[in-house]
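# Structure assessment
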Amino acid sequence: MGTGPFAVPSFEAIRRSDHTLLAVVTKPEPPTKSRKGPPPAPVRTWASQHELPILDPVSINDAEAIAQLKSLQPDLLVVCDYGQILKPDALAVAKLGGINLHGSLLPAYRGAAPVQRALLNGDRETGVSVIHMTPKLDGGPIVATRRTVISDQETAGQLEERLSQLGVELVMQSIDELSRWDGESTIGEVQDATLATKAPRLTKQEAQVDWRRSRREIDCLVRGMQPWPIAFTTIKVRENKPPLRLTILKVTPVDEPTGELQPGQLTGSKELVVMTGDGPLRIDSLCPAGKREMTGEEFQRGYQLSRGSQFQ
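An account of the accompanying structure is given in this report. Only a predicted model underlies this, so the values are computations on that prediction, with no experimental measurement involved.

### A short note on the overall build of the protein
Helix and strand counts for the protein come out as eight helices and eleven strands. The principal-axis extent of the C-alpha atoms belonging to the protein is close to 70 × 45 × 30 Å. Looking at the protein as a whole, 50% of its 312 residues qualify as buried. A total of about 16400 Å² of accessible surface is found on the protein, and carbon and sulfur atoms cover 50% of it.

Now the structure itself:
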């Protein structure tokens, strides 16, 4: 059971293994008014390429969906990046219940955006966890876990891709462990609920840069908001025109005299350098609304923004 890209490497490992993959359950395709429409979700694309049976109930917990699952007589449900929470009746269709691959070191970052939240919070380390599923969101006992250091250059998208590969071996190990389980003895390590933190889905509003924050916090925001919704700011570049929206793709702390500049104000140098809450930050890559991606120096050369110009 999966929808997004995080699930594909582990699902492919299962497909290539000696286990029998009975069906792939994924979220239904969203309705679209345009002829082109959005691209199919990664798991759907992968399953179609390998001609695997695809189930896509609107709700996995509906009686019809549960009956369909029961007819397959599965031993185990393998869930990753699915987008729906399985209730007890759905979990009960498999003799061994389900396992879930999650992109954090549980109980930290339970929820929809664990990879992004780890970056946004400036964590130096993260990892993946496989849990034996319970009806409580990401709350089951931990069967396996693996740690990794977060690079100072990684975006959330890059980190998520790396974690998805890191999880493959854990998923296969966990499937083997469940295959030997008697169904009654204790399995995995119970999570300490007092250490649990939440990782809610990102919002577009969160992506606006607050220049009063530290350079590291802003750098983490820029990397954590990629590939969606992308960190942004606005600036007035022409009189009698609305502020220009800029998406910020890469930044670097620099040492540059700033004098009495306030957070959000530009230094006026040939590079695009802005004052933050604790020092100057160079914008290396950005994308003005309606235009191509460019370097900060190219943007500054085109608009000739003076010292003191203010990002909002």
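### Remarks on the pattern of salt bridges
Enumeration over the complete set of coordinates arrives at 15 salt bridges. Where Arg16 meets Glu12, a salt bridge forms, and the shortest distance between an N and an O atom there is 2.6 Å. Residue Arg16 and its partner Glu12 are both found in helix α1 (residues 8-16); the two are separated by four residues, about one turn of the helix. Glu206 is the partner of Arg117 in a salt bridge, and the nearest nitrogen-oxygen pair spans 2.7 Å. Taken together, the residues span a long stretch of sequence, with Arg117 in helix α5 (residues 114-120) and Glu206 in the loop between α6 (156-179) and α7 (215-224) at a distance of 89 residues. Taken together, the shared-partner salt bridges connect Glu12, Arg15 and Arg16 into one network.

### Comments concerning the packing of α1 against helix α2 (residues 42-49)
For the pair α1 and α2, interaxial distance at closest approach is 10 Å and the crossing angle is 25°. In terms of orientation, α1 lies roughly parallel with respect to α2. Judged by the twist between their axes, the crossing of α1 over α2 is right-handed. Residues Val8, Phe11, Glu12 and Arg15 of α1 lie in contact with α2, whose contacting residues are Pro42, Val43 and Trp46. Split into classes, the residues belonging to the contact of α1 with α2 amount to five nonpolar, no polar and two charged.

### Some points on the packing of α1 against α6
As a packed pair, α1 and α6 sit with axes 8 Å apart at the nearest point and diverge in direction by 40°. Taken as axis vectors, α1 and α6 run oblique relative to one another. Crossing of α1 over α6 shows right-handed handedness. In this structure, α1 contributes Pro9, Ser10, Ala13 and Ile14 to the contact, and α6 contributes Ser164, Gln165, Gly167, Val168, Val171, Met172 and Ile175.

### Focus on the side chain of Arg223
With respect to the helices, strands and loops of the structure, Arg223 is situated in helix α7. Since its relative accessible area comes to 6%, Arg223 is described here as buried. There is a polar contact of 3.4 Å between the side chain of Arg223 and the backbone oxygen of Ser151. Setting aside residues no more than four positions away along its own chain, Arg223 makes contact with Leu119, Ser151, Asp152, Gln153, Glu154, Thr155, Ala156 and Arg216.

### A short note on empty space enclosed by the protein
In total, this model carries one cavity of 30 Å³ or more according to the counting rule given. Here the largest cavity is characterised by a volume of approximately 40 Å³. For the largest cavity, the full set of lining residues is Leu119, Gly122, Asp123, Arg124, Ile150, Ser151, Asp152, Arg216, Cys220 and Arg223. Ranked by residue count, the leading element in the lining of the largest cavity is α7, at three residues. The class makeup of the residues in the lining of the largest cavity is three nonpolar, two polar and five charged.

### Things to note about the environment of Ser71
Relative to the assigned elements, Ser71 resides in helix α3 (residues 63-72). Classification of Ser71 as exposed rests on a relative accessible area of 55%. In the structure, Ser71 is positioned 55 residues away from Thr126 in sequence and 38 Å away in space, judged by C-alpha atoms. Within the structure, Ser71 has its side chain in polar contact with the backbone oxygen of Gln68 (distance 2.5 Å).

### Some points on the packing of aromatic side chains
Centre-to-centre distance and the angle between the planes together describe a pair of aromatic rings. Taken as a whole and judged by the stated rule, the model has three aromatic pairs. Here Phe299 and Tyr303 contribute two aromatic rings whose centre-to-centre distance is 4.6 Å and whose plane-to-plane angle is 35°, an arrangement assigned as tilted. Linking Phe299 with Tyr303, this pair stays in helix α8 (residues 296-303), spanning four residues, or about one helical turn. No difference in accessibility class separates Phe299 from Tyr303, as the two residues are buried. Directly above the aromatic system of Phe232 lies the positively charged group of Arg245, at a separation of 3.8 Å from the ring centroid.

Conventions adopted
- Residues numbered from 1 in each chain as written.
- Predicted model: local features only at pLDDT ≥ 70, side-chain atom pairs only at ≥ 80, totals over all residues.
- Heavy atoms only, no water.
- Helix = DSSP H or I, 4+ residues; strand = E, 2+ residues; numbered from the N terminus.
- Buried < 20%, exposed > 50% of the residue type's maximum accessible area, 1.4 Å probe, protein only.
- Areas by Shrake-Rupley, 256 points an atom, 1.4 Å probe, with all protein chains shown as cover.
- Salt bridge = Lys/Arg side-chain N within 4 Å of Asp/Glu carboxyl O.
- Axes fitted to C-alpha atoms, helices over the stretch in contact; angles between N-to-C directions.
- Parallel < 35°, antiparallel > 145°, perpendicular 65-115°, else oblique.
- Left-handed = near helix turned anticlockwise from the far one by under 90°.
- Contact = heavy atoms within 4.5 Å.
- Nonpolar A, V, L, I, M, F, W, Y, C, P; charged D, E, K, R; others polar.
- Polar contact = N/O pair within 3.5 Å; in protein donor to acceptor, adjacent residues only side chain to side chain.
- 1 Å grid on protein atoms, 1.4 Å probe; cavity = no way out; pocket = protein on both sides within 12 Å on 5 of 7 lines; lining within 4 Å.
- Points joined across faces, edges and corners; volume = space filled by probe spheres on them.
- Phe/Tyr/Trp six-rings, centres within 6.5 Å; stacked < 30°, edge-to-face > 60°.
- Lys NZ or Arg CZ within 6 Å of the ring centre and 35° of its normal.

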